[in-house]
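Residues per chain are reported as follows:
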Amino acid sequence: MEDEPVSDVFLLSESQMKRIEPFFPLAHGVPRVDDRRVLSGIVYGRVPVCLRE
């Protein structure tokens, strides 16, 4: 995981994303960002530093 660029590291699998996709808001004319990247950042931020090392 350390050798991969940060932009390619996702903490949620495709099957996990499919399960939570119905709960995402609709775009309503605004371009969507990559939901998987955003959620991975949120999950990463919530994991204590001691568990990441």
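Right above here is the structure, for reference.
Everything in this summary refers to the structure shown in the same document.

Procedures and definitions
- Residues numbered from 1 in each chain as written.
- Predicted model: local features only at pLDDT ≥ 70, side-chain atom pairs only at ≥ 80, totals over all residues.
- Heavy atoms only, no water.
- Helix = DSSP H or I, 4+ residues; strand = E, 2+ residues; numbered from the N terminus.
- Areas by Shrake-Rupley, 256 points an atom, 1.4 Å probe, with all protein chains shown as cover.
- Salt bridge = Lys/Arg side-chain N within 4 Å of Asp/Glu carboxyl O.
- Buried < 20%, exposed > 50% of the residue type's maximum accessible area, 1.4 Å probe, protein only.
- Patch = residues over 30% accessible without salt bridge, like charges linked within 9 Å, V, L, I, M, F, W, Y side chains within 5 Å.

1. Comments concerning the overall build of the chain
For step 1, the next point in the chain: Per the secondary structure count, the chain includes 3 helices and 0 strands.
For step 2, the next point in the chain: Of the roughly 4,800 Å² of accessible surface on the chain, 60% is carried by carbon and sulfur atoms.

2. A few points about the pattern of salt bridges
For step 1, the next point in the chain: Tallied over the entire structure, the rule returns 2 salt bridges.
For step 2, the next point in the chain: Here E14 makes a salt bridge to R36, at a shortest N to O gap of 2.7 Å. With E14 in helix α1 (residues 14-20) and R36 in helix α2 (residues 35-46), this residue pair connects regions lying 22 residues apart in the sequence.
For step 3, the next point in the chain: R36 sits in the buried class, given a relative accessible area of 19%.
For step 4, the next point in the chain: The partner of D35 in a salt bridge is R32, with the nearest N and O atoms 2.6 Å apart.
For step 5, the next point in the chain: For R32, a relative accessible area of 39% puts it in the partly exposed group.

3. So, the environment of Q16
For step 1, the next point in the chain: With respect to the element layout, Q16 can be found in helix α1.
For step 2, the next point in the chain: Residue class for Q16 comes out partly exposed when judged on its relative accessible area of 38%.
For step 3, the next point in the chain: In this structure, the C-alpha to C-alpha distance between Q16 and R36, residues 20 residues apart in sequence, is 9.8 Å.

4. Describing a nonpolar patch on the surface
For step 1, the next point in the chain: The grouping of L11, V43 and Y44 at the surface amounts to a nonpolar patch, some 240 Å² of accessible area in total.
For step 2, the next point in the chain: Along the chain, L11 falls in the segment before α1.
For step 3, the next point in the chain: The exposure class assigned to L11 is partly exposed, which follows from its relative accessible area of 35%.

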